[in-house]
Amino acid sequence: MQSPSEPQTSDEQTSRRQKTMHGGAVNFLRAIWCGFSRQTPLDKTLTVSGLLGGIAVLVSVIVWTSDLLIDSAWAEDKHAIIASLKQEYPTLSDEQIAAFIRALDEARNNPTSADAIEAARIGKTELAQGIWAQIYEDEQAAGDAARLKQARAARNLAASAVITNAAEGLRWYRDSVELDPDDMASWLGLGEAALVAGQIEEVERAFEAYMTQAVQTEDMHDDVIGHRKLGDLLLRQGEVGLAVEEYEKSIAIAEQQAAADPSNSEWQREHSEGYAKLGDALIRQGEAGLARIAYEKGLAIVERLAAADPSDTEWQHDVGVFYRNLGKASVFQGELAPAREALEKSLEVIARVGAADPDNTGWQRDLHIVSSDLGYVLVLQGEVRRAKILYERSHAIVERLAAADPSNIRRQDALSSSYHQLGDLSERLGDLAPALEAHDKALTITERLAAADPENMDWQRQRAVGHSNLGDVLVLQGELGRAQEVFERSLAITERLAATNPNNAMWQRDLSIGYNRLGKVLILRGDLGLAGEAYERSL
């Protein structure tokens, strides 16, 4: 790949240079031959030996130089691809992006890899996916001898597919670990995809396999990721205390490594990321004060790095995210004034970096989230009309992002949540018709997503929540019969979820709330017997 600063050469100049080089080479070889023909047989033997040795050295130098140029070009490509993926798919984790980069790196020997790399530079991963699908089919036909290559092809295909379709990525990761159970990257990818798909048992199997191998490799970075991923799993299972322990282990390792090499930005980021995860878990545990301390420690790290390099928008963005976290902790503490102050700082920072790069969809998404959070605080402070302005701005952002990429399930999910929020606000303002309409739109999106991926437990839960939201508005409108119907639909979904994992505290709480809602509407309808049964079940 040509450097931007490299001068362009015209066709005429190139032709003249090639002719000169050709003529010089001919004269050089003619001179060697004349000298060679006059030598004795022994001299000729020594000369040939020397020439062959020289040619071998020359070939090695050419190959070495070519490798340097190729590696330099690939480094530029990787940087562009990472930036593109973060922009197009902001919810991807660093591990998922790293898996995709490894996939491209492994495919560089394939004749069509240049097309895949170029497509990935602009966020179009489908071409790379097609290449790996073909490699997978070819290697599958080769039989057992190609099993490991086939496994890598499956893993690479999964890394591409999971970006836009978690279920398909999950299927390919399953293939990969079955073909090569010793590949850590496949286990990590499987766990990530299963977590998105809500397949908790499979997440547990994948992350435990990853951790087992991480211990064997004695690689500190593998250990940090492993502990953090186990924490994510435990948090989803409702085992908040155990999740906190895993996050603290990841922080301890990252802190030690960051202290040993303060200039290593990767370890600094791992250190701050650990505090972000720990804070989220502590909030779930009801320890908002401790969560605030964790967020403050993470903020101190990113603020220091952002101050050292004000031009680095990634660190500036991280500062904005941590201020949002602090605002969230203050809300849970019931301290609305500090929450508002933190969220206003967050909005200021994220809006500034977003304005510097308006095409960065990840930062636009964060702008949507923090605007929504600040609106929620304003609602709690009684400034409902001003909150509505923020909610509507937030909704306009996510609606635009979803319309730009209708196949992006994460954006559709965010749009559904935004409709749900608008419905709640309209309900609070007493505007019941717009509230019902917004909740209905939210549920329609969720139903579509759940139908496309029935095994995704998160979307099943969102279906239950969506029905409950509709029921609440119907009760206020006096449509008690319809309200009872949607509450019963919500309960049916929640009962199925709770039965699959009785230890999931969140689902059990949902079940209790669902029976309580149903009991209230049954009382309003005068059915005291069934209402009593519902209340008993809620206990």
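One can find the structure itself at the top, above this paragraph.
Residues numbered from 1 in each chain as written. Predicted model: local features only at pLDDT ≥ 70, side-chain atom pairs only at ≥ 80, totals over all residues. Heavy atoms only, no water.

Colleague: How should I be thinking about the packing of helix 18 (residues 409-428) against helix 20 (residues 457-476) in this particular structure?
Modeller: When two helices pack together, their arrangement is captured by the angle between the axes and the distance separating the axes. Their axes nearest at 11 Å, the elements helix 18 and helix 20 cross at an angle of 20°. Taken together, the axes of helix 18 and helix 20 are roughly parallel relative to one another. As helix 18 runs across helix 20, the sense of the crossing is left-handed. When helix 18 is examined against helix 20, the residues Ile409, Asp413, His420 and Glu427 are found in contact with a partner set consisting of Trp459, Gln462, Asn469, Asp472, Val473 and Leu476. (Axes fitted to C-alpha atoms, helices over the stretch in contact; angles between N-to-C directions. Helix = DSSP H or I, 4+ residues; strand = E, 2+ residues; numbered from the N terminus. Parallel < 35°, antiparallel > 145°, perpendicular 65-115°, else oblique. Left-handed = near helix turned anticlockwise from the far one by under 90°. Contact = heavy atoms within 4.5 Å.)

Colleague: What is the right way to look at the environment of serine 512 in this model?
Modeller: Note that serine 512 resides in helix 22 (residues 505-524). Once the C-alpha coordinates of serine 512 and leucine 491 are considered, the two residues, 21 residues apart in sequence, prove to be 9.5 Å apart.

Colleague: Would you mind showing me how to read the nonpolar core here?
Modeller: In summary, soluble globular proteins display a tendency toward joint burial of nonpolar side chains. If you look at the biggest cluster of nonpolar residues, it comprises 39 residues, and the most contacted ones within it are Ile81, Tyr173, Trp187, Leu190 and Tyr210. Elements supplying a minimum of two residues to this core: helix 2 (41-88), helix 3 (94-106), helix 6 (147-164), helix 7 (166-179), helix 8 (184-197), helix 9 (200-217) and helix 10 (220-236). (Core = buried A, V, L, I, M, F, W, Y, C linked by side-chain atoms within 4.5 Å. Buried < 20%, exposed > 50% of the residue type's maximum accessible area, 1.4 Å probe, protein only.)

Colleague: I would appreciate a short explanation of helix 19 (residues 432-452) in the present structure.
Modeller: In an α-helix, one full turn covers 3.6 residues, which means residues spaced three or four apart are oriented alike. For helix 19, which comprises 21 residues, the first-to-last C-alpha distance of 30 Å matches the rise-based estimate of 30 Å (1.5 Å per residue) to within 8%. For helix 19, every residue scored as buried is listed here: Ala435, Leu436, Ala438, His439, Ala442, Leu443, Ile445, Thr446, Leu449 and Ala450. Here the buried face of helix 19 lies against helix 18 and helix 20. (Expected span 1.5 Å × (residues − 1).)

Colleague: What am I meant to see in helix 16 (residues 361-380) here?
Modeller: Compared with the 28 Å implied by 1.5 Å per residue over 20 residues, the 29 Å span of helix 16 between its first and last C-alpha is a close match. Of all 20 residues making up helix 16, 16 are buried, and the element is well covered by its neighbours. Where helix 16 begins, the capping side chain belongs to asparagine 360, and its oxygen is found 3.0 Å from the backbone nitrogen of glycine 362. Glycine 382 occupies a position one or two residues after helix 16 and carries a positive phi of about 90°. (Polar contact = N/O pair within 3.5 Å; in protein donor to acceptor, adjacent residues only side chain to side chain.)

Colleague: Honestly, the packing of aromatic side chains in this entry has me stumped. Any pointers?
Modeller: Taken as a whole and assessed by the stated rule, the structure comprises 0 aromatic pairs. The ring of tryptophan 315 is capped by arginine 269, whose NZ or CZ atom sits 4.1 Å from the centre of that ring. (Phe/Tyr/Trp six-rings, centres within 6.5 Å; stacked < 30°, edge-to-face > 60°. Lys NZ or Arg CZ within 6 Å of the ring centre and 35° of its normal.)

Colleague: I keep staring at the packing of helix 16 against helix 17 (residues 384-404) and nothing clicks. Help me out?
Modeller: At a minimum axis distance of 8 Å, the contact between helix 16 and helix 17 shows a crossing angle of 160°. Comparing the axis directions of helix 16 and helix 17 gives the class roughly antiparallel. As helix 16 runs across helix 17, the sense of the crossing is left-handed. Contact residues: Thr361, Gln364, Arg365, Leu367, His368, Ser371, Ser372, Leu374, Gly375, Tyr376, Leu378 and Val379 in helix 16; Val384, Arg386, Ala387, Leu390, Tyr391, Ser394, Ile397, Val398, Arg400 and Leu401 in helix 17. Grouping the amino acids of the contact of helix 16 with helix 17 by side-chain chemistry returns 12 nonpolar, 7 polar and 3 charged. (Nonpolar A, V, L, I, M, F, W, Y, C, P; charged D, E, K, R; others polar.)

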